[in-house]
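Overview (structure and organization)
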Amino acid sequence: MAEPSAKHKAWILFDRILADAAPSGAHSNPWHRVDESLEYHADLATLERLLGVPLALGATVTSGVPALALDVWLSYELRRAGFAPDATWPRGTHPRIIPAPVLNLLESLPTKDRDRLRERLEKKSSIKGVTQASASILGKNYLKQVDVIMTDWATGPEILISTKRMDSSYGKNAPNRIEESYGDAKNLRQRHPLAALGFVMGLRSDILTKEPLTFDWLVDLVGKLGQEDDAYHATCLLLIEYGSDIVVDENDVEPPDELITTPGVDLSEEDFEDELGPVRDDEIAAQLAAVPCVRVLTGADVPAPLKPNAFLAAIVNRVLDGTPITMHLEARTRRKNPTFPAS
């Protein structure tokens with residue numbers, strides 16, 4: 001069997017972290033009543049654990065694993081908000097992307113057939129035309145791979161979130177990332193004007209000392225990305241702090257998006273050829289024990305509208321406020337019954 005990919009190794013650890021955060025699938029309510037205000041409280045502790053996984057694996061930005069940590073967390077937050085566990089992609093369990101009709105068919109089968117099909121779905125990392133590792137959405141003019149999605153055939157896309165990571169060479173790479181994001185936002189918004197569109201950028205915190213002007217420029221433009229009528233509905237900047245002893249290759253940057261010609265399908269060899277094998281619990285625990293400490297900075301450097309609490313509240317509220325009250329009942333219940341701080 002071939003050596004598992006960096007993403008495969010990361011998913012094993014991501015899954016355990018999410019299982020710890022939501023035991024038996026029970027997610028905490030992110031909505032809190034503070035004085036007279038209703039506030040969304042993101043689970044940053046879980047995000048910090050997830051962000052440490054790429055560092056522990058030595059995964060490069062080009063591997064996609066550092067950005068995947070953001071995707072995993074955002075989808076987890078949507079489940080915390082009360083959206084259906086199978087509706088938010090990537091899902092919290094394998095396979096990561098699977099259409100609702102396939103799941104409905106699975107549940108309708110006799111037990112013997114259902115177990116056999118479920119085993120096949122869970123054993124293969126992807127099955128051509130059925131399950132996927134990533135998904136693309138048709139915009140106004142071209143197909144775009146979107147990192148975090150909530151969609152269904154009956155509603156069309158309801159949430160589309162794109163993520164980016166930069167851990168080095170900020171001044172060199174920032175203009176490309178911003179230019180791509182402007183184009184992608186307009187492309188998606190014009191075909192899916194009712195979907196909640198979001199953009200999240202993760203930056204290593206050393207940008208504050210290495211390239212403060214570039215940071216200020218990014219704060220300004222990422223903020224504007226969430227203010228224009230034909231761009232994103234909400235944007236977020238995450239400042240990620242980890243040890244100075246962890247050296248990042250200055251040439252390790254996200255590659256440009258590849259041309260996508262078929263919607264919804266990712267047919268790379270590793271996605272549907274490799275079978276997923278089990279990993280012992282003690283091995284997973286040992287790997288997680290070695291994950292470096294990571295902090296998400298929440299100070300004044302990032303303006304309040306670009307912080308994760310404001311971003312997630314904006315995305316969730318847009319979906320709930322733009323759909324009938326008979327839809328997304330659990331999410332509405334959670335927002336209506338927030339947690340009160342301990343006295």
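For the structure, see preceding data.
Not measured: the values here are computed from a predicted model. (Residues numbered from 1 in each chain as written. Predicted model: local features only at pLDDT ≥ 70, side-chain atom pairs only at ≥ 80, totals over all residues. Heavy atoms only, no water.)

**Looking at the overall build of the chain**
Test applied: A helix here means a DSSP run of H or I that spans at least four residues, while a strand means a run of E at least two residues long, and both kinds are numbered starting from the N terminus. Only protein chains enter the accessibility calculation, which uses a 1.4 Å probe; a residue whose area is less than 20% of its type maximum is buried, one above 50% is exposed, and one in between is partly exposed. Two residues form a contact once any of their heavy atoms are found within 4.5 Å. The protein chains shown are the only cover counted for residues, whose accessible areas, like all others here, come from Shrake-Rupley with a 1.4 Å probe.
Helix and strand counts for the chain stand at twelve helices and ten strands. Here the chain holds 343 residues, and the buried ones make up 47% of them. Once local pairs closer than 6 in sequence are excluded, the contacts in the chain between residues at least 24 apart make up 77%. Counting only carbon and sulfur atoms, one obtains 54% of the accessible surface of the chain, whose full area is about 16600 Å².

**Remarks on the packing of aromatic side chains**
Just so we agree on the cut-off: Any two rings among Phe, Tyr and Trp, with Trp reduced to its six-membered ring, count as a pair given centres within 6.5 Å; such a pair is stacked if its planes are under 30 degrees apart, edge-to-face if over 60, and tilted if neither.
Considering all chains together, one arrives at three aromatic pairs under this definition. With centroids separated by 5.9 Å and ring planes inclined at 85 degrees, the aromatic side chains of tryptophan 11 and phenylalanine 14 adopt a geometry described as edge-to-face. Pair noted here: tryptophan 11 and phenylalanine 14 are both in helix H1 (residues 6–21), with a separation of three residues, about one helical turn. Ring geometry for tryptophan 31 against tyrosine 40: centres 5.2 Å apart, planes inclined by 80 degrees, an arrangement best described as edge-to-face. The exposure class assigned to tyrosine 40 is buried, which follows from its relative accessible area of 2%.

**Looking at the sheet that holds strand E6 (residues 148–152)**
In plain terms, the rule: Pairs of strands are assigned from DSSP output, requiring at least two bridges between the strands. For every element, the axis is a line fit to its C-alpha atoms; helices are fit only across the contacting stretch, and the angle between N-to-C directions ranges from 0 to 180 degrees.
As summarised here, the arrangement of the six strands in space is E3-E6-E7-E8-E9-E10, forming an open sheet in which the pairing is mixed. Pairing within the sheet leaves two strands with one partner each, and these edge strands are strand E3 (88–89) and strand E10 (294–297). Bridge count between strand E7 (residues 156–166) and strand E8 (residues 196–204): eight bridges; the pairing is parallel. Across the sheet, residue lysine 164 finds its bridge partner in E8, namely methionine 201. The sheet strands contacting helix H2 (residues 44–57) are E7, strand E9 (234–242) and E10, and the helix crosses E10 at an angle near 130 degrees. Contacting E3, E6, E7, E8 and E9, helix H3 (residues 65–80) runs over the sheet at an angle of about 145 degrees to E7.

**Here we look at the nonpolar core**
Worth spelling out the cut-off: Nonpolar core, defined: a set of buried Ala, Val, Leu, Ile, Met, Phe, Trp, Tyr and Cys residues in which side-chain atoms within 4.5 Å join the residues together.
With 52 residues, the main nonpolar core has Phe14, Trp73, Phe83, Ile159 and Phe311 as its most contacted residues. Excluding its chain neighbours within four sequence positions, the residues that come into contact with tryptophan 73 are Ala42, Asp43, Leu44, Leu47, Leu50, Pro308 and Leu312.

**A short note on unusual backbone geometry**
Note that the residue after tryptophan 89, namely proline 90, is joined by a cis bond; omega there is 0 degrees. Here proline 90 lies in the loop between E3 and helix H4 (100–108). For aspartate 35, which is not a glycine, the phi torsion comes out positive at approximately 55 degrees. Structurally, aspartate 35 is set in the loop between strand E1 (31–34) and strand E2 (37–40). Of the residues examined, aspartate 35 reaches a relative accessible area of 70% and is grouped as exposed. Despite not being glycine, histidine 328 shows a phi value in the positive range, around 55 degrees. With respect to the element layout, histidine 328 can be found in the loop between helix H11 (308–321) and helix H12 (329–336).

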